[in-house]
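# Coordinate inspection notes
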Amino acid sequence: MHLLLPILLLLPASVLSLPSQLQQKPFALPPQPKKFHLRHAHAAPQSVRHAPILLHSSPSPPEISASGHTIRTTRKTVRRPRPRLGTSATARRREWEWDNVEVDVPDVGDRETLLELARMTSDAYTTPDSSDWVWIGGKWGNETVPFGWDPHADGLRGHIFATPDNSTVVISIKGTSAGLLGLGGPSAKNDKMNDNLLFSCCCARVDWTWTPVCGCYSGGWNCEESCLEEAIEEESVYYPIGTNLYNNVTAMYPNANIWLVGHSLGGALASLLGLTFGAPVVAYEAPGERLPAQRLHLPSPPPELSPVTHVYHTADPIAMGSCNGAGSPCAVAGFAMESRCHVGRSVIYDTISRLGWSSDLRTHRIGVVIDKLLSEDWDDGEGHVYVPKPETEEDCIDCFRWTFGDSTEA
């Protein structure tokens, strides 16, 4: 002991204090993978004003199975708005109060995680008895009914998944069902109206030949901002229905960490709800939703604290914001997809430069994302497999030709 004393005296203080530091800061285990099972189908008839959210529960209870597929998670700090009274635009205009909270989120750096969430999103478009249903075996559960897909189901719909212990719940939201993409259905008309209201500069008033979806156009390149904000608040659009859905799910699973996923319009709606409630989101091939988020006066956290992650590729003109103009396939089909800026961070696959794809509306389908983008490893040409690092969309501007104000302003 006497021989060790001179040596100990020569050691730096940081080394001598190491044992106490280890005692004070125990080693944190990484987040464990999660298994999910289908629990409910959700639907809201659009033709019935103020219709309640309808939920149908899976007839079979979830089972913990060794063969069940897992979703990798990671820990992330997100900026979550504090609850406030009122959900109207007037209430949201008040300054937001925040809490930075650390939660489990999907590991968007893992290809298998992105693939499974994409499959989950895809099934929001169809039913298990359809040839388009992505059969997932025992991974997510395999029982539901054609609930919310009858001829009168003309509104928001999708599925709700949960872990066996109800600690994490995932809400999937269907995107646009349109004949243009080969996915027609009873909700196609309302989907199109929501697309044109949320993602156009001014009520889908592209030129004099178009029929606007709201009355906010004020001549030339001018549009009334307060009118647009009120239009988005109407019950005829999906965002208010989505907030009702989220509140229903949190009432059913009060202690759960809620995630949202969706494709296209469904991805944009998932993002808007994620901003509203500070819930983690993975959105696939979504049109730019920063424009409606600003009109809804939603929280705007810095990208590194945002709960939203987008996943899209460069050959998709909708996600890239290039499916507009008189000759575009979107405009030909009557869709005014004029926004391009996304919130949060984006995982962008450069399929044009890397794979030689051409910009083509058909690549917007979630099936293309599943079968041709995420089903195979993405490598850098030197044998290194990776998922593109999430990035922030810098210097993005929507509707630069337009002036937004109110006719009552001086």
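Each value, and the rule that gives it
- Residues numbered from 1 in each chain as written.
- Predicted model: local features only at pLDDT ≥ 70, side-chain atom pairs only at ≥ 80, totals over all residues.
- Heavy atoms only, no water.
- Helix = DSSP H or I, 4+ residues; strand = E, 2+ residues; numbered from the N terminus.
- Buried < 20%, exposed > 50% of the residue type's maximum accessible area, 1.4 Å probe, protein only.
- Phe/Tyr/Trp six-rings, centres within 6.5 Å; stacked < 30°, edge-to-face > 60°.
- Lys NZ or Arg CZ within 6 Å of the ring centre and 35° of its normal.
- Axes fitted to C-alpha atoms, helices over the stretch in contact; angles between N-to-C directions.
- Parallel < 35°, antiparallel > 145°, perpendicular 65-115°, else oblique.
- Left-handed = near helix turned anticlockwise from the far one by under 90°.
- Contact = heavy atoms within 4.5 Å.
- Lys, Arg positive; Asp, Glu negative; His and termini not counted.
- Salt bridge = Lys/Arg side-chain N within 4 Å of Asp/Glu carboxyl O.
- Disulfide = S-S within 2.5 Å.
- Expected span 1.5 Å × (residues − 1).

## Comments concerning unusual backbone geometry
Phi is mostly negative for residues that are not glycine, and the peptide bonds are mostly trans. For Ala204, which is not a glycine, the phi torsion comes out positive at approximately 60°. Despite not being glycine, His297 shows a phi value in the positive range, around 55°. With respect to the secondary-structure elements, His297 resides in the loop between helix H10 (290–295) and strand E10 (308–313). With a relative accessible area of 23%, His297 lands in the partly exposed category.

## Describing the packing of aromatic side chains
As enumerated under the stated definition, the model contains six aromatic pairs in all. For the pair Phe36 and Trp259, a centre-to-centre distance of 5.6 Å together with 50° between the ring planes defines the contact as tilted. Here Trp259 lies in strand E8 (residues 257–263) and Phe36 lies in the loop between helix H3 (18–24) and strand E1 (37–43), a separation of 223 residues in the sequence. Using a relative accessible area of 1% as the deciding quantity, one classes Trp259 as buried. Three or more aromatic residues joined by ring pairs make a cluster, and in this case those are Tyr217, Trp221, Trp402 and Phe404. Its guanidinium or amino end placed over the ring of Phe335, Lys192 lies 5.4 Å from that ring's centre, counting from NZ or CZ.

## What about the environment of Leu355?
Position of Leu355 relative to the elements: it lies in helix H12 (residues 351–355). Measuring from C-alpha to C-alpha, the distance between Leu355 and Leu373 comes to 10.0 Å, with 18 residues separating the pair along the chain.

## Here's the deal with the packing of helix H8 (residues 238–252) against helix H9 (residues 265–277)
Contact geometry for H8 and H9: axes closest at 10 Å, N-to-C directions at 60°. One way to sum up the angle between H8 and H9 is to call them oblique. In this structure, H8 crosses over H9, and the sense of that crossing is right-handed. Where H8 approaches H9, its residues Tyr238, Tyr239, Gly242, Thr243, Tyr246 and Asn247 are matched on the opposing element by Leu265, Leu269, Leu272, Leu273, Thr276 and Phe277.

## A short note on the side chain of Asp316
Tracing the backbone shows Asp316 in the loop between E10 and helix H11 (329–332). Of the side chains with opposite charge, Arg365 comes closest to the buried, unpaired Asp316, at an N-O distance of 10 Å. When near neighbours in sequence (up to four residues on either side) are disregarded, Asp316 contacts Glu285, Thr363 and His364.

## A short note on the state of the cysteines
Evaluated as defined, the whole model comprises six disulfides. Across a sulfur-sulfur distance of 2.1 Å, Cys201 and Cys399 are joined as a disulfide pair. Across the S-S bond of Cys201 and Cys399 the torsion is about -95°, and the bridge reads as left-handed. On the criterion of sequence distance, the pair formed by Cys201 in the loop between helix H6 (188–198) and strand E7 (222–224) and Cys399 in the loop between helix H13 (366–373) and strand E12 (403–405) is long-range, its members being 198 residues apart. Note on accessibility: Cys201 and Cys399 belong to one class, buried. With a sulfur-sulfur separation of 2.0 Å, Cys341 is cross-linked through a disulfide to Cys396. Judged by the sign of its S-S torsion, about -95°, the cystine formed by Cys341 and Cys396 is left-handed. Residue Cys341 is found in the loop between H11 and strand E11 (345–349), and its partner Cys396 is found in the loop between H13 and E12; the two are separated by 55 residues along the sequence. The pair formed by Cys341 and Cys396 is uniform in burial state, with each residue classed as buried. Across the protein chain, the way the bonded cysteines pair up, counted in sequence order, is 1-12, 2-6, 3-4, 5-7, 8-9, 10-11.

## Some points on H6
Across the 11 residues of H6, nine count as buried, placing the element largely inside the fold. Inspection of H6 places Ala188, Asn190, Asp191, Met193, Asn194, Asp195, Asn196, Leu197 and Leu198 among the buried residues, and these make up the whole buried set. On its buried face, H6 is in contact with helix H7 (225–233), H8, H9 and H10.

## Observations regarding the pattern of salt bridges
One pass over the full model with this rule turns up 12 salt bridges. As a salt-bridge pair, Arg75 and Asp104 come within 2.8 Å of each other at their nearest N and O atoms. With a gap of 29 residues between them, Arg75 in strand E3 (residues 73–81) and Asp104 in strand E4 (residues 98–106) connect regions that are remote in the sequence. You can call Asp104 buried: its relative accessible area is 16%. Between Arg111 and Glu112 there is a salt bridge; the shortest N-O distance is 3.2 Å. By relative accessible area, which is 32% here, Glu112 ends up partly exposed.

## Things to note about helix H5 (residues 111–122)
Taking 1.5 Å of rise per residue, 12 residues should cover 16 Å, and H5 covers 16 Å from first to last C-alpha, within 8% of that figure. Within H5, 10 of the 12 residues are buried, which leaves it mostly tucked inside the rest of the structure. Burial in H5 covers these residues: Arg111, Thr113, Leu114, Leu115, Glu116, Leu117, Ala118, Met120, Thr121 and Ser122.

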